Amino acid sequence: MAERRTAPEIKIAADNAALNLMAVQEFCLCAAGGNTPRAVYSLLAATQKNLRWDKIYIFFGDERHVPPEHPDSNYRMANESLLAQVSLPAKNIYRVRAELDAKVAAQEYEDQLREFFQLQDIRLQNNDWPRFDLILLGLGDDGHTASLFPGSSALEENTRMVVANWVKKFNEYRITFTFPVINQSAEVMFLVSGAGKSQTLKDVLSPVGTNAYPAQRIQPENGRLLWMVDQPAAKLL
Ligand code: 6PG
């Protein structure tokens with residue numbers, strides 16, 4: 001049965017540089033991984049030194065199952081391009097300890113969320129989910145977001161906040177937020193750049209569809225859904 005989705009807000013920037021600037025002006029956050037945010041983080045560090053960084057808490061929506069010094073680490077990317085460049089107190093940065101066993105790292109991160117947001121309910125029956133001010137996400141060519149990949153078990157998770165998700169195509173675990181956490185946030189901002197993403201972006205944003213792509217299931221229950229894309233990525237819209 002085709003589902004009708006809430007109309008997302010789409011902001012199109014002329015090019016990648018304009019996209020990065022537009023994203024900086026929309027900021028305080030849960031960090032995304034991948035490559036697209038790196039330039040935004042660097043621009044933030046360069047242009048927002050006076051931001052009240054002591055009021056900002058950084059969490060990671062997903063992490064690769066690697067130690068923090070590994071080149072694939074989302075923490076390393078964010079730290080090098082932003083976190084180490086601004087006066088953000090170390091206690092405000094919540095890194096996924098992805099050097100641990102993936103399931104242990106996911107449970108530990110979930111416990112940290114529960115403590116940070118002072119959540120009571122262990123099994124979340126009472127909708128006692130954390131509410132982020134802003135969650136920054138990317139879009140993979142296969143329509144994945146965070147580490148919610150097509151065909152992976154985390155897609156059906158609705159009682160956990162953070163899980164270790166086995167990703168067949170990479171033959172590895174990823175640690176990722178689940179849909180309920182992302183859809184409880186006050187704002188979700190997708191950052192999509194480059195012509196290589198144009199077909200997936202068109203499909204994901206089609207107003208009617210069967211939620212075939214994980215990114216289509218990002219539907220904030222009571223929040224803003226904002227797509228920030230550059231012209232090459234938007235060429236088929
Ligand atoms: C990750 C991400 C992932 C990413 C997309 C887009 O850890 O890889 O969280 O969801 O956002 O794969 O990645 P790019 O920005 O590199 O295209």
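Further up the page is the structure itself.
These notes cover the structure that comes with them.

Take the packing of helix α2 (residues 36–47) against helix α3 (residues 74–81) next. The packing of two helices is summarised by the inter-axis angle and the distance between the axes. Across the interface, α2 lies against α3 with an axial gap of 8 Å and an inter-helix angle of 30°. Classed by the angle they form, the pair α2 and α3 counts as roughly parallel. Crossing of α2 against α3: the hand is right-handed. Here α2 contributes Pro 37, Arg 38, Tyr 41, Ser 42 and Ala 45 to the contact with α3, which in turn contributes Met 77, Ala 78 and Ser 81. In the contact of α2 with α3, the residues fall into five nonpolar, two polar and one charged.

What follows is about helix α4 (residues 102–116). The end-to-end C-alpha distance of α4, which contains 15 residues, comes to 21 Å, matching closely the 21 Å that a straight helix rising 1.5 Å per residue would cover. Taken residue by residue, α4 has Ala 102, Ala 105, Ala 106, Tyr 109, Glu 110, Leu 113 and Arg 114 as its buried positions. On the buried face of α4, the contacting elements are β4 (59–60), β7 (162–167) and β8 (172–177). N-cap assignment for α4: the residue whose side-chain oxygen lies 2.9 Å from the backbone N of Lys 103 is Asp 101.

Here we take up the site of the ligand. Near the ligand there are 14 residues, and of these Thr 36, Asp 62, Arg 64, Ala 146 and Lys 197 occur at the shortest range. The side chain of Asn 74 places a nitrogen or oxygen atom 2.9 Å from an oxygen atom of the ligand. His 144 places a polar side-chain atom, nitrogen or oxygen, 2.8 Å from an oxygen atom of the ligand. Here the ligand has 420 Å² of accessible area as a free molecule, and 88% of this is covered by the chains.

Bringing the environment of Glu 187 into the picture now. With respect to the helices and strands, Glu 187 occurs in strand β9 (residues 187–192). The class of Glu 187 is buried, set by a relative accessible area of 12%. Sequence separation between Glu 187 and Asp 133 is 54 residues, and the spatial gap between their C-alpha atoms is 6.1 Å. Only 3.2 Å separates the side chain of Glu 187 from the side chain of Arg 224, close enough to count as a polar contact.

A few words on the pattern of salt bridges. Under the counting rule described, the total for this entry stands at 13 salt bridges. Ionic pairing is found between Arg 52 and Asp 54, a salt bridge with its closest N-O pair at 2.5 Å. Close ionic contact of Glu 187 with Arg 224 constitutes a salt bridge, the shortest N to O distance being 3.2 Å. Separated by 37 residues along the polypeptide, Glu 187 in strand β9 and Arg 224 in strand β11 (residues 224–230) bring together distant segments of the chain. Several salt bridges converge on common partners, so that one network encompasses Glu 110, Asp 111, Arg 114 and Arg 160.

Here we come to the nonpolar core. Taken as a class, soluble globular proteins show a tendency for nonpolar side chains to be buried jointly. With 68 residues, the main nonpolar core has Phe 60, Leu 83, Phe 177, Ile 182, Phe 190 and Trp 227 as its most contacted residues. Ignoring anything within four residues of it in the chain, the contact list for Trp 227 reads Pro 8, Glu 9, Ile 10, Lys 11, Leu 139, Phe 190, Val 192, Leu 201, Val 204 and Leu 205.

At a minimum axis separation of 9 Å, helix α1 (residues 16–24) and α2 run at an interaxial angle of 60°. Here α1 is positioned oblique relative to α2, judged by the angle of their axes. Our pair here, α1 against α2, has a crossing hand that is right-handed. Between α1 and α2, the contacting residues are Asn 20, Leu 21, Ala 23 and Val 24 on the first element and Ala 39, Val 40, Leu 43, Leu 44 and Thr 47 on the second. In terms of residue class, the contact of α1 with α2 is built from seven nonpolar, two polar and no charged.

Within the element layout of this structure, Glu 110 appears in helix α4. Judged by relative accessible area, Glu 110 falls into the buried class, the value being 2%. In this structure the side chain of Glu 110 is engaged in a polar contact, spanning 2.9 Å, whose partner is the side chain of Arg 160.

The rules behind these values
- Residues numbered from 1 in each chain as written.
- Predicted model: local features only at pLDDT ≥ 70, side-chain atom pairs only at ≥ 80, totals over all residues.
- Heavy atoms only, no water.
- Axes fitted to C-alpha atoms, helices over the stretch in contact; angles between N-to-C directions.
- Helix = DSSP H or I, 4+ residues; strand = E, 2+ residues; numbered from the N terminus.
- Parallel < 35°, antiparallel > 145°, perpendicular 65-115°, else oblique.
- Left-handed = near helix turned anticlockwise from the far one by under 90°.
- Contact = heavy atoms within 4.5 Å.
- Nonpolar A, V, L, I, M, F, W, Y, C, P; charged D, E, K, R; others polar.
- Expected span 1.5 Å × (residues − 1).
- Buried < 20%, exposed > 50% of the residue type's maximum accessible area, 1.4 Å probe, protein only.
- Polar contact = N/O pair within 3.5 Å; in protein donor to acceptor, adjacent residues only side chain to side chain.
- Near = heavy atom within 4 Å.
- Areas by Shrake-Rupley, 256 points an atom, 1.4 Å probe, with all protein chains shown as cover.
- Salt bridge = Lys/Arg side-chain N within 4 Å of Asp/Glu carboxyl O.
- Core = buried A, V, L, I, M, F, W, Y, C linked by side-chain atoms within 4.5 Å.

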